[in-house]
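Structure at a glance
Chain by chain, the residues:
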Amino acid sequence: MTHPDSAARDTAAADGQTEQRSRSRESRPANGEVQPAVDHGASEPQSAGGRPERQGQSGGKPVSFNNEVDHERLSMTVTDLDLWYGDYQALKSLDIEIYSNTVTALIGPSGCGKSTFLRCLNRMNDLIPSARIEGRIEMDGRNVNAREMDVVALRRRVGMVFQNPNPFPKTIFENVAYAPRMHDIVSSRRDQEELVEQALRDAGLWDEVKDKLDQPGTSLSGGQQQRLCIARAIALRPDVILMDEPTSALDPISTAIIEDLMVRLRKDFTIVVVTHNMQQAARVADYTAFFHLGEIIEYNDTATLFETPATTKAEDYITGRYG
Amino acid sequence: MNTTTTSLYRRRKRLNQLVMAACLVATGIGFLFLFAILFTLVSKGVGSISLSIFTERTRMTGGGLGNAIWGTLVMTCVATVIGTIVGVAAGTWLAEYGGKRKMAKVIRFINDVLLSAPSIIVGLFIYAVVVVPMGNFSAWAGVLSLTVIIVPVVIRSTEDMMQLIPNSLREAAAALGAHRWWIIVRVCYSGARAGIMTGILLGFARISGETAPLLFTSLNSNQWNFFQLNNEMANLPMTIYQNMTINSFIPDLVSLAWAGALILTAAILILNIAARYFSRQRS
């Protein structure tokens with residue numbers, strides 16, 4: 001596993017990303033340096049791997065950092081989250097803090113609950129009748145998981161991009177203008193046009209589609225469709241954007257463009273991304289959580305997690321020995 | 001290539017040709033019947049088609065089919081409107097809310113039974129629960145029995161078409177903060193519209209030619225009845241039936257019946273073609 005910033009890049013898009021990334025890391029320890037690990041009690045010995053238990057989460061408290069990220073604003077705080085599908089427990093007392101204006105990656109082997117967890121954050125699991133969720137997901141002092149939470153208002157603030165691009169069978173313009181109009185954010189044609197242009201620019205798609213806004217969104221290529229879906233999500237100016245393996249259906253060039261986009265969008269949005277691609281997590285994420293069998297085994301800033309994983313499970317997964 | 005495989009391929013090829021020939025013959029027989037029906041109707045009916053067929057009411061001599069065509073149109077349209085409202089709502093429930101619930105399974109099963117229920121039983125039922133208590137035959141009773149026939153058709157096609165809408169679109173809309181009703185109306189209906197329209201048109205075509213349910217309900221009449229749905233109302237299928245059987249000794253009425261049969265067939269054919277056109281619009 002190479003360090004994110006030392007990984008060679010060959011596309012122009014990815015080059016921009018490198019710059020972005022190193023700028024964003026100015027305040028952080030230099031690459032390759034071993035950072036102080038998670039603060040979970042001074043008495044606990046630090047071993048770089050070799051301990052299978054949930055070292056990142058001892059004490060059952062949300063993982064928090066005592067290093068340079070302490071001043072960052074929390075976007076969402078998850079406490080003791082359990083989820084069952086019928087009798088099967090898919091998520092086991094998860095605790096995690098997600099910081100504003102960062103990219104947080106969720107990695108882990110298939111079926112470990114990453115996507116399920118992601119879908120808890122905007123209550124998409126409500127659509128699955130057999131799912132039962134307990135625990136607290138706090139956002140601005142309110143429990144997202146509470147029964148009385150207005151899911152429409154929640155999803156207005158927590159947008160989502162799916163694994164397979166799923167534009168509506170409408171024009172490119174309509175795809176983006178759809179949700180803002182639905183929420184009465186814009187009404188006049190002129191406002192809509194402005195908003196659509198801005199969202200498409202933010203999603204890096206404007207130059208490619210500005211002359212064919214009236215064509216169906218489904219006529220675009222897979223990578224363009226995915227950026228259209230991102231534009232559709234950011235048109236609502238949400239606080240958080242959840243991305244569920246957003247590039248797994250895309251070619252390498254489209255993937256690089258979307259990775260670059262994630263890093264850029266972090267300025268305005270908090271991004272949580274599920275990925276099967278560890279290089280991707282290393283390239284784009286500020287923080288990474290390693291999931292295994294419905295538990296968060298380890299959660300740390302990406303460089304630390306990838307360079308000095310505290311648990312053998314994470315180390316084995318990252319080095320490709322497992323999963 | 002050795003000889004065993006060559007003979008194997010030759011045998012398969014021959015079997016393929018044989019089955020192809022059988023399929024062609026079967027198709028030919030089907031077409032033969034269709035064209036025989038059309039040919040008979042055109043040859044016997046086209047001679048009596050004139051403007052007066054559409055403007056005159058049925059008389060013993062020299063009348064038209066205006067009242068019967070009008071009656072069929074009114075009853076079929078009213079039944080289709082009611083059937084569409086009920087059927088689309090029920091089909092939506094089955095597709096969007098019912099899912100695998102026991103209640104939904106029961107409703108689906110009953111709907112399938114209703115779909116294949118003999119239409120004379122439907123007529124008999126409406127006769128017993130509407131005509132007898134009201135004390136007279138009426139167009140309303142006819143409308144009701146036609147509604148009972150079209151509703152299952154619309155329910156079925158609505159549910160099928162709604163289920164064709166990919167879940168990813170529902171999720172996309174939900175993730176943007178859309179209410180459930182919004183997802184159903186704006187996402188599902190707009191995608192399933194063509195398919196649902198096709199189902200409604202096919203249902204319309206089906207009930208416009210139904211005779212048995214009208215036998216006990218709207219009966220028939222040889223008078224104009226424009227909007228008096230509480231009274232008996234003329235209709236094409238019954239007129240054809242009566243003119244061909246109990247009035248078969250009056251040549252004018254028999255030729256009217258042939259003309260009526262031709263008009264009805266042509267209308268149903270056009271409706272089917274329209275339905276095909278709509279369903280092709282979908283893709």
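Residues numbered from 1 in each chain as written. Chains lettered and ligands numbered in written order. Predicted model: local features only at pLDDT ≥ 70, side-chain atom pairs only at ≥ 80, totals over all residues. Heavy atoms only, no water.

Description of the pattern of salt bridges
What counts, and what does not: Salt bridges are defined as contacts in which a side-chain nitrogen from Lys or Arg sits within 4 Å of a carboxyl oxygen from Asp or Glu. For each residue, the accessible area found with a 1.4 Å probe, counting protein chains only, is set against the maximum for its type, and the residue is called buried under 20%, exposed over 50%, and partly exposed in between.
Per the counting criterion, the structure on display carries 22 salt bridges over all chains. For Lys210(A), the salt bridge identified is with Asp207(A), shortest N-O distance 3.7 Å. The exposure class assigned to Lys210(A) is partly exposed, which follows from its relative accessible area of 39%. Glu210(B) is the partner of Arg206(B) in a salt bridge, and the nearest nitrogen-oxygen pair spans 3.0 Å. A relative accessible area of 10% means that Glu210(B) is categorised as buried. Connected via shared salt-bridge partners are Asp140(A), Arg157(A) and Asp239(A).

Considerations on the sheet that holds strand β1 (residues 74-85) of chain A
Residues and elements named next belong to chain A. Here is the rule we go by: Paired strands, in this sense, are two strands between which DSSP finds at least two bridges. For the purposes of this entry, the term helix denotes a DSSP run of H or I that reaches at least four residues, the term strand denotes a run of E that reaches at least two, and both are numbered from the N terminus.
Strands sit in the order β2-β1-β4-β5 across an open sheet of four strands; the sheet is antiparallel. If you trace the sheet from one side to the other, it starts and ends with β2 (88-99) and β5 (142-143), each paired once. Here β1 pairs with β2 via eight bridges, running antiparallel. Bridge assignment links leucine 74 to a residue of β2, and that residue is tyrosine 99.

Observations regarding the domain arrangement of chain B
Defined as follows: For each domain, the first and last residues come from an automatic or database assignment.
Examined at the domain level, chain B breaks down into domain 1 (8-37) and domain 2 (51-282). On a C-alpha basis, the centres of domain 1 of chain B and domain 2 of chain B stand 35 Å from each other.

A look at the packing of helix α3 (residues 66-98) of chain B against helix α8 (residues 180-208) of chain B
The description of two packed helices rests on the angle between their axes and on the distance between the axes. All names here are of chain B. What counts, and what does not: Axis lines are fitted to C-alpha atoms, over the contacting stretch for helices. Their N-to-C directions set the angle, which ranges from 0 to 180 degrees. When describing relative orientation, an angle under 35 degrees is termed roughly parallel and one over 145 degrees roughly antiparallel, while 65 to 115 degrees is termed roughly perpendicular and anything else oblique. Take the far helix as your reference; a near helix turned counterclockwise from it by less than a right angle gives a left-handed crossing, and one turned clockwise gives a right-handed crossing. Two residues form a contact once any of their heavy atoms are found within 4.5 Å.
Relative orientation of the contacting elements α3 and α8 amounts to 140°, with a least axis distance of 9 Å. In this view, α3 runs oblique relative to α8, as classed from their interaxial angle. At the point where α3 passes α8, the crossing takes the right-handed sense. Across from Thr72, Thr76, Cys77, Ala79, Thr80, Thr84, Val88, Thr92, Glu96 and Tyr97 in α3, the residues of α8 making contact are Arg180, Ile184, Cys188, Tyr189, Ile196, Ile200, Phe204, Ile207 and Ser208.

Looking at the interface of chain B and chain A
Stated formally: Defined in terms of a 1.4 Å probe, buried area is the accessible area two parts forfeit on being brought together, summed over both. Any pair of nitrogen or oxygen atoms within 3.5 Å is treated as a polar contact; in protein, a donor-acceptor pairing is required on top of that, and neighbouring residues in sequence qualify only through side-chain atoms on both sides. Note on residue categories: nonpolar means Ala, Val, Leu, Ile, Met, Phe, Trp, Tyr, Cys or Pro, charged means Asp, Glu, Lys or Arg, and polar means any other residue, Gly included.
With 15 residues of chain B at the interface, the matching set in chain A holds 23 residues. Summed over both partners, the interface of chain B with chain A comes to about 1,500 Å²; 68% of that surface belongs to carbon and sulfur atoms. Sorting the residues of chain B by area buried against chain A places Glu171(B), Ala175(B) and Leu176(B) first, and these three jointly supply 41% of that buried surface. Summed over the shared surface of chain B and chain A, the result is one salt bridge. The tally of links between chain B and chain A comes to four residue pairs in polar contact (both at pLDDT 80 or more). Among the secondary structure elements, those contributing two or more residues to the side of chain B that touches chain A are α7 (167-175) and α8 of chain B. Of the residues assigned to the side of chain B that touches chain A, the class counts are nine nonpolar, four polar and two charged.

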